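# Inside the fold
Here are the chains, one letter per residue:
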Amino acid sequence: MEGKFFRTECGSTGDRMTDQQIQCFRRHLEKQLTESMIMFGLVSRSLTQTLRACSDEPAGESFNEDIDQLLELADKERNMVGKIHQAMNRIDLGKYGICISCKRQICLRHLEVFPTAIFCSECRQFIEQNRDN
Ligand SMILES: [Zn+2]
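Treat the numbers as computed from the prediction; the structure is a model and nothing was measured.

Rules used in this analysis
- Residues numbered from 1 in each chain as written.
- Predicted model: local features only at pLDDT ≥ 70, side-chain atom pairs only at ≥ 80, totals over all residues.
- Helix = DSSP H or I, 4+ residues; strand = E, 2+ residues; numbered from the N terminus.
- Buried ≥ 20, exposed ≤ 12 C-beta atoms within 10 Å, placed from the backbone.
- Contact = placed C-beta atoms within 7 Å.
- Core = buried A, V, L, I, M, F, W, Y, C linked by C-beta atoms within 7 Å.
- pLDDT = per-residue confidence, 0-100.

## Considering the overall build of the chain
Of the regular secondary structure elements, the chain holds four helices and zero strands. Counting helices and strands in the order they occur from the N terminus, the chain gives α-α-α-α. The buried share among the 133 residues of the chain stands at 12%. For the chain, long-range pairs separated by at least 24 residues make up 60% of all intrachain contacts whose partners lie at least 6 apart in sequence.

Have a look at this one:
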């Protein structure tokens, strides 16, 4: 079931997704959610272990680096879980895959790679360009 469910070309007709396509994305999101939760659990456990080890030994430079890295990872996974919940919520509301800015259909190829995307490629480019300036 991996990979190419969709044959729609990028930016073709702007048609809304079929229910079947949306169900595919939902399954994909559910899988990603499970992975992120597992990852978050692993990171949390490592963090606890690292902190416990610290109470036995004086904290050194590498210890702080470990903690920073783990915190960063935990943050990333937590963000991901939030984004996935948001995407699932948008499925429930019937708004999944619609750009929140211009309300057009987001390219399905982009959604395949970034199923939590909320902007179409044009709006995303616009935001990125203006962020740089
Ligand atoms: Zn847009």
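## Some remarks on the nonpolar core
Grouped together as the largest cluster of nonpolar side chains are 10 residues: Phe25, Ile84, Ala87, Tyr96, Ile106, Cys107, Leu108, Leu111, Ala117 and Cys120. Of all the elements in the fold, those that place two or more residues in this core are α2 (61-92) and α3 (108-113). Excluding residues that lie within four positions of it along the chain, Cys120 makes contacts with Cys99, Cys102, Arg104, Ile106 and Cys107.

## Focus on the confidence of the model for the chain
Of all residues in the chain, 86% have pLDDT values of 70 or greater, and the mean over the chain is 86. Under a pLDDT of 50 for its full length, residues 1-13 has, in the predicted model, nine contacts with residues more than four places off or in other chains.

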